[in-house]
Amino acid sequence: MKISETACKSALSRSGIYGWELVLNPYRGCMHGCVYCYAPNIIRRPRASWGHFVDIKKNIPNILAKELKRRSPALVGLSSVTDPYQELEEKYKLTRYCLEQLLKNKFPVSIITKSPLILRDLDIISKFSHSEIGITITTLDERLSSILEPGAPAITKRLDGLTKLSNEGLNTYAFLGPLLPTLEPEHVTEFLDRILATGVKSVMVDPLNLKPGIWPAVETALRDHPNIKTLFYERLFVDKEYYPKIFKLIRTECMERGVKFE
Ligand code: SF4
């Protein structure tokens, strides 16, 4: 892993993500190294290097502090092309310091992560008058997750983290995105039992989007698992009804259980 300490010139940028007005990425690169990640396409870094480098924007809390003074409060999303609670955050605390600035300047936040390290910052997050916290769950299959999300925390740790966040009374959601195409329609109820047991207030879904370079990377990662690879191929390229059908089932279950579906 190549770790570089760098300086950034700006902290906030306009967001193309629905609901987020601004985005903040304290790191460039992500140790989680998810094979399906679209961030290399956005920041124009070779996919082969993804998960093997992280640039640490050491001065970002100071730059942010200056930018916030010039702006009116708007929803800030953390993060769009990195995980704000990847392992390095434990040492560098850039996300934490940025949250302190956002809180001080009364900016609302929306945080999405795969890591229970977010629990460390509950003392700050709980003070925001508006916050939404999402944890990404793409599958309940730990083995599949370890193949496609090699540097990310185990699914059980994410579910435990989500439960703790919900128990703290925070506005939590489960981000099922990309929902990996191995979930069978007949297992949706059981799948949602696990997800909703965390106490989340809403569920958000997204299919596996095949931006350039993603399918070859997924295919390579699944080379020793021909049955899973075939299933992915079928449901991503042939069966155009797979995702609409699964999402409809999830939506119906969520509505029946009084959980918001997005
Ligand atoms: S955690 Fe998010 S940003 Fe990091 S590699 Fe995975 S999908 Fe990309």
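Everything below is about the structure shown above.
This is a predicted model, so every value here is computed, not measured.

**Q** In this structure, what is going on with the site of the ligand? I would like to understand it.
**A** All residues in the neighbourhood of the ligand are listed as C30, H32, G33, C34, C37, W50, T82, D83 and K114. Considering only residue class, the shell around the ligand consists of 4 nonpolar, 3 polar and 2 charged.

**Q** For this particular structure, what's the right way to read the packing of aromatic side chains?
**A** Two measures describe an aromatic ring pair: the distance that separates the ring centres and the angle between the ring planes. Summed over the entire model, instances satisfying the criterion amount to 6 aromatic pairs. Aromatic pair W215 and Y233: ring centres 6.2 Å apart, planes at 55 degrees, arrangement tilted. Residue W215 is located in helix α9 (residues 214-221), and its partner Y233 is located in helix α10 (residues 226-238); the two are separated by 18 residues in the primary sequence. The exposure class assigned to W215 is buried, which follows from its relative accessible area of 13%. An aromatic cluster of at least three residues, connected via ring pairs, comprises W215, Y233 and F237. Above the face of the F53 ring, R45 is positioned so that its terminal group lies 3.8 Å from the ring centre.

**Q** In this structure, what is going on with the side chain of R235? I would like to understand it.
**A** Its location among the elements puts R235 in helix α10. Taking the relative accessible area as the measure of exposure, R235 reaches 13% and is therefore buried.

**Q** So what exactly am I meant to see when it comes to the environment of C30 here?
**A** Relative to the assigned elements, C30 resides in the loop between β4 (27-28) and α1 (39-43). Spatially, the C-alpha atom of C30 lies 13 Å from that of L78, the residues being 48 residues apart in sequence. Ignoring any residue separated from it by four or fewer positions in sequence, one finds C30 in contact with W50, G51, F53, V54, T82, D83 and Q86.

**Q** How do you make sense of the pattern of salt bridges when you look at a structure like this?
**A** Two side chains bearing opposite charge may form a pair once their charged atoms approach each other closely. Enumeration according to the criterion identifies 12 salt bridges in this entry. Two residues, E100 and R96, come together in a salt bridge whose shortest N-O distance is 3.9 Å. Taken together, the positions of E100 and R96, both in helix α4 (residues 94-104) and 4 residues apart, correspond to about one turn of that helix. A relative accessible area of 35% means that E100 is categorised as partly exposed.

**Q** Explain α10 to me, please; I cannot follow it from the model alone.
**A** Given 3.6 residues per turn, any residue in an α-helix points the same way as the ones three and four places further on. For α10, built from 13 residues, the straight-helix expectation of 18 Å at 1.5 Å per residue is met to within 8% by its first-to-last C-alpha distance of 17 Å. When we look at burial in α10, the residues that qualify are I228, F232, R235 and L236. Projection of α10 onto a plane perpendicular to its axis shows the buried side chains occupying an angular sector of 95 degrees, all on one side. In the core, the buried residues of α10 are packed alongside α6 (142-148), α9 and α11 (242-256).

**Q** Whenever I open this one, the pairing of strand β5 (residues 53-57) confuses me. Can you help?
**A** Consecutive side chains of a regular strand alternate in pointing toward one face of the sheet and then the other. Counting buried positions along β5 yields 5 of 5 residues, so the element is predominantly enclosed. Covered by surrounding structure in β5 are F53, D55 and K57 together with V54 and I56, the residues of both alternating faces. Relative to β5, β4 runs antiparallel, the two sharing 2 bridges. Bridging from a neighbouring strand, Y27 pairs with I56 of β5.

About the thresholds
Residues numbered from 1 in each chain as written. Predicted model: local features only at pLDDT ≥ 70, side-chain atom pairs only at ≥ 80, totals over all residues. Heavy atoms only, no water. Near = heavy atom within 4 Å. Nonpolar A, V, L, I, M, F, W, Y, C, P; charged D, E, K, R; others polar. Phe/Tyr/Trp six-rings, centres within 6.5 Å; stacked < 30°, edge-to-face > 60°. Helix = DSSP H or I, 4+ residues; strand = E, 2+ residues; numbered from the N terminus. Buried < 20%, exposed > 50% of the residue type's maximum accessible area, 1.4 Å probe, protein only. Lys NZ or Arg CZ within 6 Å of the ring centre and 35° of its normal. Contact = heavy atoms within 4.5 Å. Salt bridge = Lys/Arg side-chain N within 4 Å of Asp/Glu carboxyl O. Expected span 1.5 Å × (residues − 1). Arc of directions from axis to C-beta. Pairing = 2+ DSSP bridges.

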